[in-house]
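Listed here are the chains, written in short residue letters.
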Amino acid sequence: MQIAQIAPLTEAIPPKLYGGTERIISWLVDELVALGHEVVLFASGDSQTSAKLEACWPKALRLDGSVRDPNALHMAMLEQVRQRAHGFDFLHFHLDYYPFSLFARQHTPFVTTLHGRLDLPEHRVVFATFPSIPVVSISDAQRRPVSRARWIRTIHHGLPEQLLTPQPVKPTYFAFLGRISPEKAVDQAIWIAKRCGLPLKIAAKIDAVDRDYFESEIRKLLTPPDIEYIGEISDSEKSSFLSGAVALLAPIAWPEPFGLVLIEAMACGTPVIAFNRGSVPEIIEDGLTGFVVEDKEKAVTITERLSRLSRGAIRKRFEERFTARRMACEYLMVYRSLIEKGAYRQLPDGVRTTLVNPAPSIAANFVETSTQRTFATK
């Protein structure tokens with residue numbers, strides 16, 4: 001199959017450091033290529049990929065201080081994809097709602113994975129305007145605010161099976177990984193660690209928009225070595241960092257569509273203590289891979305049960321549920337369902353729109369519950 005993957009230009013594919021969406025795109029592309037498909041990746045020129053790279057701007061926009069209007073470059077990229085769309089069997093967008101109008105008016109089947117939050121009032125307007133555009137959710141929780149969207153399937157993220165692995169180190173601290181911002185609530189993680197009497201290591205990015213928050217609210221809480229900010233870390237450092245943690249703390253304060261750090265911890269066999277927000281109950285199996293709690297007081301209480309969890313069992317659940325290969329296979333089924341089952345119909349005005357109900361024979365290859373999806377191979 002000839003597949004186009006269209007990525008944001010904000011970060012390289014994969015990103016040098018922080019960047020969840022871009023990592024997912026990179027892993028998906030590599031798995032599709034490994035499965036024998038011809039993939040063209042539309043992305044920034046400093047991307048590294050096993051697919052054929054179509055550079056739409058020389059380098060990632062976050063690193064290019066000369067660019068003041070990133071929307072202009074994304075619009076140009078969309079037109080470039082449209083002009084070449086006839087050369088692909090399928091188009092897969094990772095650009096939120098930007099492709100909806102333009103690509104509903106062409107013939108090549110397409111889908112958009114929605115990577116961000118959808119709970120703002122303006123989102124309801126967008127999906128009410130484009131009710132027939134096929135979209136994939138990254139968690140069931142992400143769907144709830146926009147029930148009028150044409151959802152095909154929820155496909156949980158996955159990462160390469162051997163990217164992060166358990167290391168033979170003794171866990172001695174709590175870990176916080178990702179980004180320092182109000183919605184990630186690192187202050188709650190600090191409170192939990194201090195109340196439990198365990199050190200906390202914070203490996204996190206600070207975006208420019210969150211710099212004032214860090215300086216005014218978080219810096220004063222840092223008391224090394226007990227509460228230590230070690231900065232942003234790369235994938236090569238995560239296995240050691242997470243394996244050395246008694247647990248990953250994820251006291252999020254927003255309806256996060258998918259917490260990639262949760263499955264990174266699971267890959268290392270590290271349990272997670274996370275607040276019951278957004279996708280958390282779909283990812284963390286309470287009492288098996290960690291604990292889902294309502295508040296910081298409950299998080300402190302639950303830490304005494306961490307020793308009962310098996311790190312081997314946590315790693316096994318990662319292998320069963322959250323690998324990049326599983327993710328790629330699920331996406332291929334979506335592509336084929338839209339191609340093989342006559343996903344497009346002709347409208348009176350010549351505009352083509354998408355019928356997105358998956359083929360029963362394809363849907364039957366999945367066993368789904370509200371908390372997990374197991375890919376059932378034949």
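Structural notes, computed from the coordinates. (Residues numbered from 1 in each chain as written. Predicted model: local features only at pLDDT ≥ 70, side-chain atom pairs only at ≥ 80, totals over all residues. Heavy atoms only, no water.)

## Let's talk about the sheet that holds strand E13 (residues 290-293)
Alright, step 1. One open sheet accounts for six strands, arranged E10-E9-E8-E11-E12-E13; its pairing is parallel. Edge positions in the sheet fall to strand E10 (227-229) and E13, since each has one partner strand and no second. Averaged over all pairs of adjacent strands, the angle between strand axes in this sheet comes to 20°, irrespective of strand direction.
Alright, step 2. Inspection of the sheet shows strand E8 (residues 173-179) paired to strand E9 (residues 200-205) by six bridges, in the parallel sense. Residue pairing across strands places arginine 179 opposite lysine 205, the latter belonging to E9. (Pairing = 2+ DSSP bridges. Helix = DSSP H or I, 4+ residues; strand = E, 2+ residues; numbered from the N terminus. Axes fitted to C-alpha atoms, helices over the stretch in contact; angles between N-to-C directions.)

## Section: the packing of aromatic side chains
Alright, step 1. Applying the stated criterion to the full structure yields 13 aromatic pairs.
Alright, step 2. Ring geometry for phenylalanine 93 against phenylalanine 103: centres 4.6 Å apart, planes inclined by 55°, an arrangement best described as tilted. Placement of the pair is phenylalanine 93 in strand E4 (residues 90-93) and phenylalanine 103 in helix H3 (residues 100-103), with a sequence separation of ten residues.
Alright, step 3. Using a relative accessible area of 0% as the deciding quantity, one classes phenylalanine 103 as buried.
Alright, step 4. Site record: aromatic cluster; members linked through ring pairs are Phe100, Phe127, Phe130 and Trp151.
Alright, step 5. Stacked on the ring of tyrosine 173, the Lys or Arg lysine 201 has its end atom at 5.2 Å from the ring centre.
Alright, step 6. Over the aromatic face of tryptophan 191 sits the side chain of lysine 296, whose NZ or CZ is 4.5 Å from the ring centroid. (Phe/Tyr/Trp six-rings, centres within 6.5 Å; stacked < 30°, edge-to-face > 60°. Buried < 20%, exposed > 50% of the residue type's maximum accessible area, 1.4 Å probe, protein only. Lys NZ or Arg CZ within 6 Å of the ring centre and 35° of its normal.)

## Observations concerning helix H4 (residues 121-129)
Alright, step 1. For H4, the full list of buried residues reads His123, Val126 and Phe127. The arc that holds every buried residue of H4, seen down its axis, measures 90°, which confines them to one face. Residues Pro121, Val125 and Thr129 are exposed on H4 and point more than 90 degrees away from its buried face.
Alright, step 2. In this structure, the buried residues of H4 make contact with H3, strand E5 (110-114) and strand E6 (134-137). (Arc of directions from axis to C-beta. Contact = heavy atoms within 4.5 Å.)

## Here we look at the sheet that holds E6
Alright, step 1. An order of E3-E2-E1-E4-E5-E6-E7 is seen for the seven strands of this open sheet, with the pairing classed as parallel. Each of the sheet's edge strands pairs with one partner strand only, and the pair in question is strand E3 (52-57) and strand E7 (150-154). Sheet twist, expressed as the mean angle between neighbouring strand axes with direction ignored, is 25°.
Alright, step 2. As paired elements, E4 and E5 share three bridges and run parallel to each other. Pairing of histidine 92 across the sheet is with valine 111, part of E5.

## Observations concerning unusual backbone geometry
Alright, step 1. The step from isoleucine 13 to proline 14 runs through a cis peptide bond, and the omega angle for that step is -10°.
Alright, step 2. Tracing the backbone through its elements, the reader meets proline 14 in the loop between strand E1 (2-6) and helix H1 (20-34).
Alright, step 3. Cis geometry is adopted by the peptide bond preceding proline 225, which originates at proline 224 and carries an omega value of 5°.
Alright, step 4. Residue placement: proline 225 occurs in the loop between helix H7 (211-218) and E10.
Alright, step 5. Even without glycine at this site, aspartate 96 takes up a positive phi of about 55°.
Alright, step 6. Along the chain, aspartate 96 falls in the loop between E4 and H3.
Alright, step 7. Positive phi values are uncommon outside glycine, yet alanine 185 reaches one of about 55°.
Alright, step 8. Looking at the element boundaries, alanine 185 is found in the loop between E8 and helix H6 (186-196).
Alright, step 9. Residue classification places alanine 185 among the buried residues on the basis of a relative accessible area of 4%.

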